[in-house]
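Tertiary structure, described
Residue-level listing of the chains:
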Amino acid sequence: MINVAVLGYGTVGSGVVEVIESNNAEVSLKSGEEMHVKYILDLRDFPGDPYESLVTHNFDDIVNDPEVSIVCEVMGGIGAAYKFTKACLEKGKSVCTSNKELVAKYGAELLELARENHCSYMFEASVGGGIPIIRPLNKALTPEHIENISAILNGTTNYILSKMEKEGADYGETLKQAQALGYAERNPEADVEGHDSCRKIAILSSLMAGKNVDSEKIYTEGITQITATDFAFAKAANMTIKLIATSKSLADGSILAMVAPTMISKENALAAVNDVFNGVLITGNMLGDVMFYGKGAGKLPTASAVVSDVIDCARHVGRSSIVCIWEKEEVVLADIAETEKAFFVRASKDAAEEIKAAFPGGQVVACEAEDFGYITTVMKEKEFDEKAAALGDKILNRIRVA
């Protein structure tokens, strides 16, 4: 018998219990032993819930119970979640989590702690929800030197941008629709300002490099400045706009990581990733490009990914099943000011000649919009920033072009 405890009985936590109990025959068969949830930790009571008898308000019930060998941490945050995760790992209990904030900040430390105590710390659900990406990166792609990861990692922002493109709506209007449908939180800052995507690309970057990538040092820009007019110009150029999280391995051993709205060609595989779906495009030096696509969030997709880790841990009770390399040593992050790319510039039409003079050799984007659109030649970020600063408020918006 494998006994599991679930920390947090919110959306994902209730989904984890549902997956284990509803699919118990499959889960138990694939685990090698019968599996059941023994505890659910939450501050609240759940009268009438089919699993209310499993609810406890006392973490000590779980950490001190030798019959519990696997714990699912789906609380979120880095306060109690960090404290409880450490305590479980120190007791030799494997921990499976969907908590991207905790993994991004303490992943290397918690993996080391798990190895020391002959258990596992698993986090498949922390990136891409139900999309299998952590395990393929650590297993199927191990022969590869990963050169680049480009990804759409946040369903909320992708839904907003997709609706703006399809309907010609502005950001504020589309955000309200996303909130009404439950795709965006009442306070959507973590999503729309890019912080959620930043934590996820930090995790993938750390696994790519085998060393720690600090999410707080990654350049991050959200989607709040994108307008329907920007999409009109993107369409005219046979492009679209996505919030792209990127991580590129450079020859000197550093990593170029960033999160920013980006104009991409309609031929780019990520251009077809719409609505609440996520997509991860990985480039290996031998394999080339491989794409992972699916629902990046949601109760049951995320819970399914957590339970996939639970099954893996159940197959390795008493020993670590960790196969990834993620050392505490910090990776050097490249200065984005020195990177080269083209930029889309939107300005008022009376500033068109000044824009063309400041950025010679570029391409005018013809569009019925009242503004002037222009794509520069490839240049360093710092060169663009210097020229843009000299133009002052004549530039209404700028978007990087991939």
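The paragraphs below set out a description of the structure included in this document. Just so you know, these numbers come straight off a predicted model, no measurement behind them.

1. Focus: the pairing of strand 17 (residues 371–375)
As a general feature of sheets, a regular strand has side chains that alternate between the two faces. When you tally the buried positions in strand 17, you get 5 out of 5 residues, the bulk of the element. The side-chain alternation of strand 17 yields two buried faces, one formed by Asp-371, Gly-373 and Ile-375 and the other by Phe-372 and Tyr-374. As defined by bridge partners, strand 15 (residues 340–348) adjoins strand 17 across 5 bridges and the pair is classed as antiparallel. Bridge pairing in strand 17 links Ser-348 to Asp-371. Bridge count for strand 16 (residues 363–365) against strand 17 is 3 bridges, and the pairing is antiparallel. Considered in strand 17, the bridge of Val-364 is made with Tyr-374. What sits between strand 16 and strand 17 in their antiparallel hairpin is a turn of 5 residues.

2. Comments concerning the packing of aromatic side chains
Scanning the model with the defined rule gives 11 aromatic pairs in all. For the pair Tyr-82 and Tyr-106, a centre-to-centre distance of 4.0 Å together with 20° between the ring planes defines the contact as stacked. Note that Tyr-82 is positioned in helix 4 (residues 80–90) and Tyr-106 in helix 5 (residues 100–116), a separation of 24 residues in sequence. Each member of the pair, Tyr-82 together with Tyr-106, is buried. Taken together, a centroid distance of 5.9 Å and an interplanar angle of 25° make the contact between Phe-372 and Tyr-374 stacked. The class for Tyr-374 is buried, based on a relative accessible area of 2%.

3. Focus on the pairing of strand 15
Counting buried residues along strand 15, 7 of its 9 residues qualify, which places the element largely inside the surrounding structure. Two elements, strand 15 and strand 18 (residues 379–380), share 2 bridges in a ladder whose sense is antiparallel. Bridged to Lys-341 within strand 18 is Met-379. Judged from the 6 bridges that link them, strand 15 and strand 19 (residues 395–401) form a sheet pairing that is antiparallel. Bridging from a neighbouring strand, Ala-342 pairs with Val-401 of strand 19.

Rules of the game
Residues numbered from 1 in each chain as written. Predicted model: local features only at pLDDT ≥ 70, side-chain atom pairs only at ≥ 80, totals over all residues. Heavy atoms only, no water. Buried < 20%, exposed > 50% of the residue type's maximum accessible area, 1.4 Å probe, protein only. Helix = DSSP H or I, 4+ residues; strand = E, 2+ residues; numbered from the N terminus. Pairing = 2+ DSSP bridges. Phe/Tyr/Trp six-rings, centres within 6.5 Å; stacked < 30°, edge-to-face > 60°.

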